[in-house]
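Spelled out, the chains give:
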Amino acid sequence: MNKQKLMIMIASVFAGAFILPAGAMDLSLANAVEKIVSESHDLKKADANLKKAEASLDAANANRWFKLDGSVSYMNMVNIENPSESRTIDLPPALGGFISESLKDQSVSISIPDNIFQAGLSLTQPIYTFGKIGNAVKSVKSAIKMSQASKEMTRREVTYAATDLYWTAKMTDEIVKLAKQDLANARAAKKSLTSAGRANRSNLLKIESDIATKEINVSDAKFDRDTAHRMLKIMAGIDINEELVLTDKFPSEFSELNAGELTTTPQWEILGEQVKMYERLARSKRANNYPTLAATASYTYSSMSGDIGHLFDKKGGQSASWGVALQMPIFSGGLNRANATIEAMNAEAARQDLAQAKKITTEEYDNAVRQYNHLRDNLSTLENARNLAAKTYTLSQNRFASGQTSAVELADVSAGLYQLDLALLSTKYKILMSAETIKKLGE
């Protein structure tokens, strides 16, 4: 009966080791990337900048169309000498004849209305501006393309960072498993040494020291894992207390890379459009030296009365006009030429940045391709070395159990196996991130 209970307890322990934490959240690489991209503040800012650039295009295009302005005014004329009465002007007899033949020998008093109302409309339609408006609009279109490319570049950077976070967290999970296994091997060696009744002080001290070191390794690995998981949860918008189970595994094989020559990147697109934008702004500034041809029209209504209550009793005066106006700049102190030069030099600086970016980014891309192929070629050799180290450790365990080798040799072989396990894990991580670098720069 006691034996049966013992077997049940052992089975329960092993079963518990494979039970996931209650409420644990499964998270794949694709889901992690999707969550981090949707939570990215940088992408939200890039989207806002794109909308701002599109609004700037509407503002620039508005200069092509007519402008209609309206004005309404009311004035009350104040008689300074006697504010309570309307103002009058006394005309001499000689001037009275201009008003009426019968009044030519009399002085005349003219009352000036206290209240004056005016309303009017004015319209201006540009006809030809020698490129001032057209080049300004084209420069804004370049700015929109820059914002679009910037948003794409940000999306790629966020995707790369999200992938890095995921595989880093996954690697810390694997390192915890390796550290625990390494510690279990050391404890098993101690148990083998003491149970055989042949433990000498030297071997025992070495194993005790080895166990203490490996306990620290496990503690450090757990700390790194918890840190990586917290950062992943923060960036993905997941509750910090949520348990994560990273479902994607490190691949055992990596396909051959099919990467062509780098022809364009979002960064190159940004700088290329920046050159165009500055060149068009320079032409627009230069066009300020040329005249502007526009059509104009206006309408004015006015009404005057000594009594505000009768201001609109009678039909007021109306006037209207239309025509063409040519505005010619004569002297600006060299302002337009200086502004055009500034934009032209900005274009030249952007052109140099583009040339430099092409050199650097091409080298980064080519280096990522070389690194992927290099690590992929070395992976099989590293796996073979790890498998040989595992066989060596098994042989050393057997020799140690039979008293044919020391604890020092066993510890050295165990450390070599642990380091090769870490190196194999690190190589797979680097291969994956090299592939992500290639996608980020050249997809």
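Residues numbered from 1 in each chain as written. Predicted model: local features only at pLDDT ≥ 70, side-chain atom pairs only at ≥ 80, totals over all residues. Heavy atoms only, no water.

1. Section: the environment of Met75
Thought 1: Tracing the chain through its elements places Met75 in strand β2 (residues 67–76).
Thought 2: Taking C-alpha positions, Met75 is 6.6 Å from Phe117, a pair spaced 42 residues apart along the chain.
Thought 3: Excluding residues within four positions of it along the chain, Met75 makes contact with Asp114, Asn115 and Ile116. (Helix = DSSP H or I, 4+ residues; strand = E, 2+ residues; numbered from the N terminus. Contact = heavy atoms within 4.5 Å.)

2. Some words on the packing of helix α2 (residues 29–39) against helix α6 (residues 201–236)
Thought 1: Two elements in contact, α2 and α6, have axes whose closest approach is 7 Å; the angle formed by their N-to-C orientations is 55 degrees. Regarding the angle of α2 to α6, the classification is oblique. Packed against α2, whose contacting residues are Lys35, Ile36 and Glu39, the element α6 presents Leu232, Met235 and Ala236 at the interface.
Thought 2: The residue makeup of the contact of α2 with α6, split by class, is four nonpolar, no polar and two charged. (Axes fitted to C-alpha atoms, helices over the stretch in contact; angles between N-to-C directions. Parallel < 35°, antiparallel > 145°, perpendicular 65-115°, else oblique. Nonpolar A, V, L, I, M, F, W, Y, C, P; charged D, E, K, R; others polar.)

3. Points about a positive patch on the surface
Thought 1: Positive charge collects at one region of the surface, where Arg64, Lys138, Lys141, Lys145, Arg283 and Arg286 lie side by side.
Thought 2: Secondary-structure elements contributing two or more residues to the positive patch are α5 (132–195) and α7 (266–286).
Thought 3: In terms of residue count, the dominant contributor to the positive patch is α5 (three residues).
Thought 4: Within the fold, Arg283 resides in helix α7. (Patch = residues over 30% accessible without salt bridge, like charges linked within 9 Å, V, L, I, M, F, W, Y side chains within 5 Å. Areas by Shrake-Rupley, 256 points an atom, 1.4 Å probe, with all protein chains shown as cover. Salt bridge = Lys/Arg side-chain N within 4 Å of Asp/Glu carboxyl O. Lys, Arg positive; Asp, Glu negative; His and termini not counted. Charge placed at Lys NZ, Arg CZ, Asp CG, Glu CD.)

4. Here's the deal with the confidence of the model for the protein chain
Thought 1: This prediction gives the protein chain a mean pLDDT of 86; 87% of its residues lie at or above 70.
Thought 2: Long-range and interchain partners of residues 1–22, a stretch whose pLDDT sits below 50, account for two contacts in this model, where long-range means more than four residues apart. (pLDDT = per-residue confidence, 0-100.)

5. Considering the environment of Thr296
Thought 1: You can see Thr296 is positioned in strand β7 (residues 292–305).
Thought 2: Those residues in contact with Thr296 that sit more than four places away from it in its chain are Leu123, Thr124, Ser321, Trp322, Gly323, Val324 and Ala325.

6. Considering the pattern of salt bridges
Thought 1: In the structure shown here, the tally under the stated rule is 18 salt bridges.
Thought 2: Residue Lys214 pairs with Asp182 through a salt bridge whose shortest N-O separation is 3.2 Å. Linking Lys214 in helix α6 with Asp182 in helix α5, this pair joins segments that are 32 residues apart in sequence. As far as the burial class goes, Lys214 and Asp182 line up, both buried.
Thought 3: The closest approach of N and O atoms between Glu208 and Lys190, which form a salt bridge, is 2.6 Å. Taken together, the residues span a long stretch of sequence, with Glu208 in helix α6 and Lys190 in helix α5 at a distance of 18 residues.
Thought 4: Under the relative-accessibility criterion, Glu208 is labelled partly exposed at 33%.
Thought 5: A relative accessible area of 28% means that Lys190 is categorised as partly exposed.
Thought 6: Within the structure, one salt-bridge network assembled from shared partners comprises Asp47, Lys51 and Lys151. (Buried < 20%, exposed > 50% of the residue type's maximum accessible area, 1.4 Å probe, protein only.)

7. Comments concerning the sheet that holds β2
Thought 1: In spatial order, the strands read β2-β5-β7-β8; together these four strands make up an open sheet with antiparallel pairing. Sheet topology places β2 and β8 (317–327) at the edges, where each strand pairs with a single neighbour. For this sheet, the mean inter-axis angle between neighbouring strands, taken without regard to orientation, is 15 degrees.
Thought 2: Relative to strand β5 (residues 115–128), β2 runs antiparallel, the two sharing ten bridges. (Pairing = 2+ DSSP bridges.)

8. Some words on the nonpolar core
Thought 1: Ranked by internal contacts, the top residues of the largest apolar core, which has 41 residues, are Leu27, Ile36, Tyr166, Trp167, Leu232, Leu246 and Phe250.
Thought 2: At nine residues, the largest contribution of residues to this core is made by helix α8 (residues 335–401).
Thought 3: Contacts of Tyr166, omitting those with residues within four sequence positions, involve Leu27, Ser28, Leu29, Ala32, Leu232, Leu246, Thr247 and Asp248.
Thought 4: Membership of the second largest hydrophobic core comes to 19 residues, among which are Ala186, Val218, Tyr393 and Phe400. (Core = buried A, V, L, I, M, F, W, Y, C linked by side-chain atoms within 4.5 Å.)

9. Details of unusual backbone geometry
Negative phi values dominate among residues other than glycine, just as trans dominates among peptide bonds.
Thought 1: Located in the positive-phi region is Phe130, a residue other than glycine, with phi close to 60 degrees.
Thought 2: In this structure, Phe130 sits in the loop between β5 and α5.
Thought 3: Given the relative accessible area of 38%, Phe130 is considered partly exposed.

10. Brief notes about the pairing of β7
Thought 1: As defined by bridge partners, β5 adjoins β7 across 13 bridges and the pair is classed as antiparallel. Within the sheet, the bridge partner assigned to Gly120 lies in β7 and is Thr300.
Thought 2: Where β7 and β8 come together, eleven bridges link them in antiparallel fashion. Bridge pairing in β8 places Ser302 opposite Gly317.

11. Some thoughts on α8
Thought 1: The end-to-end C-alpha distance of α8 is 92 Å, a good match for the 99 Å that 67 residues give at a rise of 1.5 Å each.
Thought 2: Taking the largest bend as the criterion, α8 deviates by roughly 35 degrees, centred on Leu379.
Thought 3: At the C-terminal side of α8, Gly403 shows a positive phi close to 80 degrees. (Expected span 1.5 Å × (residues − 1). Bend = angle between axes of the 7 residues up to and from the residue.)

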